[in-house]
Amino acid sequence: MSVQILYFAGLREKLGLSGERVELPAGVATAGALRDWLVGQGRDALASAKNLRCAVNQDMAGLDAAVRDGDEIAFFPPVTGG
């Protein structure tokens with residue numbers, strides 16, 4: 001299964017990546033499992049991000065959201081504007 005991952009705000013800076021396409025192993029079926037797998041692959045900033053938010057295919061989602069082949073998953077810390 002292949003997914004596109006996007007990183008925003010402080011995560012982008014800490015990881016030095018704006019995004020990447022990854023092939024996921026069997027068993028990674030939710031956004032939370034994806035995050036955990038990415039941490040295991042060296043994306044430690046995802047583990048230490050407080051109140052991490054995610055979106056699947058541009059819709060806000062919880063970490064229990066299903067991840068399917070071809071999905072776009074975005075991870076970002078809470079942001080404020082003004």
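**Q** How would you sum up the sheet that holds strand 3 (residues 53-56)? Please name residues and give values.
**A** The strands making up a sheet associate through hydrogen bonds between their backbones, and the pairing can be parallel or antiparallel. Strand order in this open sheet of five strands is 2-1-5-3-4, and the pairing throughout is mixed. For this open sheet the edge positions go to strand 2 (19-23) and strand 4 (59-61), each flanked by a neighbour on one side alone. For this sheet the average axis-to-axis angle between neighbouring strands, irrespective of direction, equals 30 degrees. Where strand 1 (residues 2-7) meets strand 5 (residues 72-76), four bridges bridge the pair, whose relative direction is parallel. Looking at strand 5, one finds that I5 is bridged to I73. Where helix 2 (residues 31-40) meets the sheet, its contacts fall on strand 1, strand 2, strand 3 and strand 5, and the angle it forms with strand 5 comes to roughly 70 degrees.

**Q** Got a sec to walk through the environment of V3? Specific residues and values, please.
**A** For V3, the position within the fold is in strand 1. Overall, the relative accessible area of 0% leaves V3 in the buried class. Residues V3 and G70, 67 residues apart in the sequence, show an inter-C-alpha distance of 5.0 Å. Here V3 is in contact with E20, R21, V22, L24, V67, R68, D71 and I73, once residues within four sequence places are set aside.

**Q** Any chance you could break down the pattern of salt bridges for me, citing the residues and the numbers?
**A** For the structure on display, the rule yields two salt bridges. The closest approach of N and O atoms between D36 and R35, which form a salt bridge, is 3.0 Å. A relative accessible area of 47% means that D36 is categorised as partly exposed.

Cut-offs and rules
- Residues numbered from 1 in each chain as written.
- Predicted model: local features only at pLDDT ≥ 70, side-chain atom pairs only at ≥ 80, totals over all residues.
- Heavy atoms only, no water.
- Pairing = 2+ DSSP bridges.
- Helix = DSSP H or I, 4+ residues; strand = E, 2+ residues; numbered from the N terminus.
- Axes fitted to C-alpha atoms, helices over the stretch in contact; angles between N-to-C directions.
- Contact = heavy atoms within 4.5 Å.
- Buried < 20%, exposed > 50% of the residue type's maximum accessible area, 1.4 Å probe, protein only.
- Salt bridge = Lys/Arg side-chain N within 4 Å of Asp/Glu carboxyl O.

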